[in-house]
There are 2 protein chains.
Amino acid sequence: MQTPSTDTVRRYRRACDYLAAAMIYLRGNVLLREPLRPEHLKPRLLGHWGTCPGITFVYSGLNGLVRRTGQRTLLVTGPGHGAPAVHANLWLEGTHSVVDPDLTLAELIKGFSWPGGFPSHLSPEVPGVVHEGGELGYALATAFGAALDDPDLLVACIVGDGEAETGPTAGSWHATKFLDPGTCGSVLPVLHLNGSKISSPTIYACMSDEELTDYFRGAGWTPRIVDVRRTDDPDRLLAETLDKAHAELAQRPMILLRSPKGWGLPEDAGGGTFHAHQVPLSAEQLPEIEAWLRSYRPEELFDEDGVPADDLLEVLPPQELRLGRVPQANGGRLRRELPLPELAEFAVDVDEPGSVTASATGTTGEWLAELMRATEQRRDFRIMCPDELASNKLDAVLAATGRAFTWPLTEHSEHMSRDGRVMEVLSEHLCQGWLQGYLLTGRHGLFPCYEAFASIVDSMVNQYAKFLKMAGEVSWRAPVASLNYLLTSEGWRQEHNGYSHQGPGFLNNLLTKKASVTRVYLPPDANTLLVTMRHCLATTDRINLVVAGKNSAPQWLDLAEAERHCRAGAGVWEWASHEDPEVVLACAGGVPTVETLAAAWLLRSQAPGMRVRVVNVVDLLALSTPDRHPHGMSAEDFTACFGEDVPVVFAFHGYPSAVHEVLHGRPDPSRFHVHGYLEEGTTTTPFDLLVSNKMSRYDLAADAVRRTRGDDGVAQELLSRRDALKEYAYREGEDSPEITEWEWSA
Amino acid sequence: MQTPSTDTVRRYRRACDYLAAAMIYLRGNVLLREPLRPEHLKPRLLGHWGTCPGITFVYSGLNGLVRRTGQRTLLVTGPGHGAPAVHANLWLEGTHSVVDPDLTLAELIKGFSWPGGFPSHLSPEVPGVVHEGGELGYALATAFGAALDDPDLLVACIVGDGEAETGPTAGSWHATKFLDPGTCGSVLPVLHLNGSKISSPTIYACMSDEELTDYFRGAGWTPRIVDVRRTDDPDRLLAETLDKAHAELAQRPMILLRSPKGWGLPEDAGGGTFHAHQVPLSAEQLPEIEAWLRSYRPEELFDEDGVPADDLLEVLPPQELRLGRVPQANGGRLRRELPLPELAEFAVDVDEPGSVTASATGTTGEWLAELMRATEQRRDFRIMCPDELASNKLDAVLAATGRAFTWPLTEHSEHMSRDGRVMEVLSEHLCQGWLQGYLLTGRHGLFPCYEAFASIVDSMVNQYAKFLKMAGEVSWRAPVASLNYLLTSEGWRQEHNGYSHQGPGFLNNLLTKKASVTRVYLPPDANTLLVTMRHCLATTDRINLVVAGKNSAPQWLDLAEAERHCRAGAGVWEWASHEDPEVVLACAGGVPTVETLAAAWLLRSQAPGMRVRVVNVVDLLALSTPDRHPHGMSAEDFTACFGEDVPVVFAFHGYPSAVHEVLHGRPDPSRFHVHGYLEEGTTTTPFDLLVSNKMSRYDLAADAVRRTRGDDGVAQELLSRRDALKEYAYREGEDSPEITEWEWSA
């Protein structure tokens, strides 16, 4: 391929910059073939100019690199508000017409930030995009996730100097230390030092070249500065720098790009200052707008129909390597179904409910280890976890693969390997970003996490849920593997780490998302967790939240029963229930299930003759009405579980409000009396923690008695026994041993 | 003061290390005066040994520095799970006995991680503590917040190398650039390179000295390495390093401390490896436990009553300078009430409801500017904001003070000043951490934020709510100023930034917190926002969430009415209501209030004769029953607003689930039909955004018609008008002008 002159490259950028500016301003006369009149302007001027010229500068530099090297390259654009620049490039490279052959240039320009058109930020509607960049901070982690296990891929990542101030981005620079050059692609960050944010200077732009170089070298990069103000030919400087970077990918190159904010906007219109961040000239400044737009001389770049001059296209890579068309950006097309191991050999034998104990996550860990082995050649399954895999009792996986790490190790490290497919870092943000990048490029993964600290990524999952929702509305996007959370080390068993480690609110946050995207499972034992995990790892386009225990706990269902129970989502546990119940004891979650069955057992002796039904809920959203959630049980099934008018004492794993919320729309929800986490906690015994939150078996049993028989002394007796055991815990520093004993066979 | 020998310092550390280990293991025989027997061990061994010796090493080094210099020093301990070390130091320095004169050493040791005793992590029950360190990532930001506006204070901050991996910590290193040496104290970080996390090596421990030095020098620090394995006398090395650091605080010194994990634990018991992280020896290893504990020779350090040898106390600073007693750690004692300006001169004149428009935040910005002026000398009020003060229309404040920044500025920067009291950084984590440190040391502040991005600090506010709840149960903690959020740039007006900027879920998360801590206000106009802000800034020990608009919008209440309305929390707007209503139109939030009044107005013409009542809710938790929240309205007041059996069409600012949740426990909540944000959004017109979420005036009016009169054609007619206007928006790219017109006088 012939190398275009930098003059041509500059003309190409002029065309892109013009189109980007036109997208912000114009609804008509989009190529300025006639004098600009007020009616040509959009009535609402929406968009962000400041970052656009820099994005195009990088995009066009990457075009050159790809032309010269044939390097397949995915671009992750952190400043998603620079969407006009990306659209301009996609238009010129012809990618827009691949996904929408009918789109005209005039429609693209008018339709930007216009109802029914393209949003003002990058989004799943835009080809080539795996990252929105609306909420800032996650571009770099996403880029690393995309590069994992794809050795031929280069992931270029533009990081704005605003975004660079975020904690998640600052932490992501160290991700170099997890990327194995042998099995993974490379990440080439371009830190775009644009000078200012919305209205003040950025930290990184205020740092000296020396400070920047020290900082990034210390973090493991080989930084190179491209300062467009200190060269006559920025395109050539960038091209040379990219070539050097590409030649030494093993040295982890990165580019520090200094350019004026809103580069190309006249200085008296705010060019080079924060005033260029958004829409620099208002509609009242029509002559200034026209002068600025005409400074790009669009008539030299496009013919009357908007067809670009031939030479502009010389700068582009071959069709299949154009940035917007890299297959990884529509990763669902690359996704293959996982070879999920059969469950039978991993399942716990349960002859009788409660007769054996096991660790739910420990059991699933063995199965996940087998999945790791089954994907050893494919390398399309990873586990991202904040340094807690062993603590979460999933460490069987480490027999099948190591923890990825490429830096020199400290003494006495165990289970580390450069090409390991477990990613452990004490940053939930990094785990989430990595996994998003990995999934959106066609792979599979799991994010096990301490329950309380999943909330650290609340806002990231908010944004990812939005991405999935929008992607689902885009015809050409293929489904990607679901984002699977396995929350364990749950609050009820964080009695040792104390109050800070007790927080089930991640679940509540997920409930605010679109029903099409969200699933919430609370498998009560090991076999139900196995069945749930197998299901989740086979699904696409969802966010599956699974909450399960890690501690040794009673087992209730054998594998066949677990399959049936999980399929139903919720059901009556007949073996613990009477016919024609006066009260339903419902439960969701491992610990609440134990307490509920213990309460039912207590009632057999303490309230003889009381007819109790036990209902267990695995799929929380089965409680929703079918019109609110696709998993919602029919009215008939709901009644079959919960009756029509009996009181329901519901022991719930998390905040009671989550159950109130999902029950909304069911008739008479006020008969559901939900026990759950009341934000009472400290370092104490597990039993005391339950008592503090009115969730112990005694509290549940007493509530059942009161709801059915009034306060007849039996409830008081139950609560006295509770208090005596609580006293014992305080005195002896341990749970009373007998409270975990029962015999369901009786 | 005489300088103790480093032998004595070493003996002091031996005593602390012994006590810390004893806290993890012993319930009896706490000084090992007799042979160790199984019954001396706690039945549940809970605690984290790995970081303890390092914490004591730093603590004792700081003791020396304070002795030598008289420097008032606050210690922020990032690894809160190293609580035993802090307790040991507090015990020896006599601080424990200041707050609890009856506590014996045996009780402290037994009571650690024991029901009713001290939690396993640092917490508000511990003197000297302004940071829990349970959820990792925020110690450094908190330390900076504590140092602001306190020029005589040194804030030492231990950052664990696990914590250092978090994004928020990585971003916090740049906070140097915001700390004005003239008006603020200093932060001295000690990055504790302990080698490993729970079970794998840490990133920072694997970096070479050169990488670490480059990285931190680049970030603006002067790093010095203290490697305890490369010296015969670590205490002297630390003392010398601390002295150098203290002599050059202007150069932003920091210490890189390399020490073996679990320093002092025999290697064959896991010393120096990740196995030392938590409880290194199990109860079965009684002889090994005893041998290890006896290696500290407690009999040389304490007499039979646990009184420490005299020489140990020589290492301590004078009483009033001991780390646990620094007044800033119980900042409520230092807090002074703010000189809140009168509202009258800032209030908007509202002769008639809806007759004028104003920006709520713009109005409040002028009042906040006056508050900035009133606190210019005191310097105890700051605004932390992620680069959005101007965008949130609070920029009047910048006429009264600048944005703090100490690094060389980029050209064309505006409103920057070294001693400014606005802190703008594109990191919600930093804003939150700074503010927490500032409040807990006795000052006041406000956190204005784009609504959607407040969720970035969901987990931080979770932890802070826990801190406030626990602090409220500690008798010696004085109340601190409330943490005030002002969420604006709310989703309904993020039609231009699009879907990623539309997210009201921060409110839902707050609703899961303790009622004693949480308040949620949705002032519908400028004067109600003024009244709300004045109230919030006068309160203590709460998390006040205020959601208000920034855009120019109709004003409803004059100042006197606003005062009454806010005091009541919710009320009937009589001027928009009929007697004996068939339906209540309720609303909470600025945009929903406009739509509701417009709906009421529409119904006057479209459904003549229909009797409608308009109720506005400012204080969301007034909807709760009084037993669930202290702000809950009485049943009588609730009925006075919402009637007993009429349908209520409720237009809510956020997710409908939040209203369902607060209404829980009210009779017949199913008559409340809540409209709110349904996660439908993109870049479009404000009107279309409302329509997508069924929240437009037409949707509300149609719902009211259907609930009262069935589907009689009027509802259809309303929805047809809605659809025509929506069409107009798509065609013209703007809201139809007439839909904002009405005259309440009619």
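Residues numbered from 1 in each chain as written. Chains lettered and ligands numbered in written order. Predicted model: local features only at pLDDT ≥ 70, side-chain atom pairs only at ≥ 80, totals over all residues. Heavy atoms only, no water.

**Focus: the pairing of strand β12 (residues 483–488) of chain B**
All names here are of chain B. Going by this rule: Residue burial is assigned from relative accessible area. The probe radius is 1.4 Å, only protein chains are included, and a residue is buried under 20% of its type maximum, exposed over 50%, and partly exposed in between. Runs of E in the DSSP output that reach at least two residues are strands. Runs of H or I that reach at least four are helices, and both are numbered from the N terminus. When DSSP finds at least two bridges between two strands, those strands are taken to pair. With its strands directed away from the observer, a crossover is right-handed exactly when the path from the first strand over the helix to the second travels clockwise.
Across the 6 residues that make up β12, a large majority, 6, are buried. Judged by which residues are buried, β12 turns out to be covered on both faces: L483, Y485 and L487 on one side and N484, L486 and T488 on the other are all buried. Across 5 bridges, the pairing between strand β11 (residues 444–450) and β12 is parallel. Bridge pairing in β12 links C449 to L487. Each parallel crossover has a hand, and for β11 linked through helix α15 (residues 458–472) to β12 it is right-handed.

**Observations regarding the relation of the copies chain A and chain B**
The condition that has to hold: When the copies are superposed, the least-squares fit draws on C-alpha atoms of residues that have pLDDT of at least 70 in both. Contact criterion: two residues are considered in contact whenever any of their non-hydrogen atoms come within 4.5 Å of each other.
Taken as rigid bodies, chain A and chain B are interconverted by a rotation of 180° and an axial shift of 0.0 Å, the fit giving an RMSD of 0.0 Å. Expressed as an axis order, the relation between the two copies is that of a two-fold axis. Mapped onto chain B, 100% of the interface residues of chain A are again interface residues, and the two copies thus contact each other with one and the same surface.

**Concerning the interface of chain A and chain B**
Inclusion rule: Throughout, the accessible surface (probe 1.4 Å) given up by two parts as they are put together, summed over both, is called the buried area. Any carboxyl oxygen of Asp or Glu within 4 Å of a side-chain nitrogen of Lys or Arg constitutes a salt bridge here.
Facing 116 residues of chain A, the contacting portion of chain B comprises 116 residues. Carbon and sulfur atoms make up 56% of the area that chain A and chain B hide from each other, which totals about 9,400 Å². It is R44, L426 and K466 of chain A in chain A that bury the most area against chain B; as a group they hold 7% of the surface buried on that side. Where chain A packs against chain B, one counts 14 salt bridges.

**What about the sheet that holds strand β16 (residues 570–572) of chain A?**
Residue and element names in this part refer to chain A. Applicable threshold: Between N-to-C directions, angles cover 0 to 180 degrees, with each direction set by a line fitted to C-alpha atoms, over the stretch in contact for helices.
Sheet architecture is open: 5 strands sit in the order β16-β18-β17-β19-β20, paired in mixed fashion. Only two strands of the sheet have a single neighbouring strand rather than two, namely β16 and β20 (672–675). Taken pair by pair, the neighbouring strands of this sheet meet at an average axis angle of 20°, ignoring direction. Note: strand β17 (residues 583–588) against strand β18 (residues 612–617), 5 bridges, orientation parallel. Note that in β18 the partner of V584 across the bridge is R613. Along the sheet face, helix α19 (residues 590–606) touches β17, β18 and β19 (648–652) and points at about 155° away from the line of β17. Each of β16, β17, β18, β19 and β20 touches helix α20 (residues 635–642); the most contacted strand, β18, lies at about 130° to it.

**A short note on the pattern of salt bridges**
Residues and elements named next belong to chain A. Applying the stated criterion to the full structure yields 86 salt bridges over all chains. With a closest N to O distance of 2.8 Å, R37 and E39 form a salt bridge. A relative accessible area of 48% places E39 in the partly exposed class. For E424, the salt bridge goes to R403, with nearest N and O atoms at 2.9 Å. Of the two residues, E424 sits in strand β10 (residues 422–424) while R403 sits in strand β8 (residues 403–404), which places them 21 residues apart along the sequence. With a relative accessible area of 3%, R403 lands in the buried category. Bridged by salt links that share partners, the residues R10, R13, D233, D235 and R236 form one connected network.

**Focus: the sheet that holds strand β20 (residues 672–675) of chain B**
Residue and element names in this part refer to chain B. The strand order β16-β18-β17-β19-β20 describes an open sheet built from 5 strands, whose pairing is mixed. Each edge of the open sheet is held by one strand with a lone partner, namely β16 (570–572) and β20. Taking each pair of neighbouring strands and ignoring which way they run, the sheet shows an average axis angle of 20°. Examined bridge by bridge, strand β17 (residues 583–588) and strand β19 (residues 648–652) share 5 bridges and lie parallel to one another.

**Brief notes about the pairing of strand β5 (residues 253–258) of chain A**
Residue and element names in this part refer to chain A. Burial within β5 is extensive, with 6 of its 6 residues counted as buried. Alignment of strand β3 (residues 186–193) against β5, held across 4 bridges, turns out to be parallel. Bridge pairing links V190 to I255 in β5. After leaving strand β4 (residues 222–227), the chain enters helix α10 (residues 234–247) and then returns to the sheet as β5, a path that is right-handed.

**Points about the nonpolar core**
We count it as follows: The term nonpolar core refers to a set of buried residues drawn from Ala, Val, Leu, Ile, Met, Phe, Trp, Tyr and Cys, joined through side-chain atoms within 4.5 Å.
Core analysis: the largest hydrophobic core is formed by 362 residues, its most contacted members being L26, F642 and F650 of chain A together with L26, F642 and F650 of chain B. F642 of chain A has contacts with V584, A586, R613, V615, V617, L623, V648, R671 and F672 of chain A, leaving out every residue within four places of it along the chain.

**Digging into the domain arrangement of chain A**
Residue and element names in this part refer to chain A. Definition in use: Those domain boundaries reflect an automatic or database domain assignment. Two N or O atoms form a polar contact when they lie within 3.5 Å of each other; inside protein one atom must be a possible hydrogen donor and the other a possible acceptor, and for residues adjacent in sequence the pair counts only when both atoms belong to side chains. Ten residues, namely Ala, Val, Leu, Ile, Met, Phe, Trp, Tyr, Cys and Pro, are considered nonpolar, four, namely Asp, Glu, Lys and Arg, are considered charged, and the remaining ones, Gly among them, are considered polar.
By domain assignment, chain A separates into domain 1 (6–322), domain 2 (357–554) and domain 3 (569–740). Computed from C-alpha atoms alone, the centre-to-centre distance between domain 2 and domain 3 is 28 Å. With 28 residues of domain 2 at the interface, the matching set in domain 3 holds 40 residues. Summed over both sides, the interface of domain 2 with domain 3 buries roughly 2,700 Å², with 68% coming from carbon and sulfur. Taken together, the links from domain 2 to domain 3 amount to 0 salt bridges. Counting every contact that joins domain 2 to domain 3 gives 13 residue pairs in polar contact (both at pLDDT 80 or more). Sorting the residues of the side of domain 2 that touches domain 3 by element identifies α16 (505–511) and β13 (518–521) as the ones contributing at least two each. Split into classes, the residues belonging to the side of domain 2 that touches domain 3 amount to 13 nonpolar, 10 polar and 5 charged.

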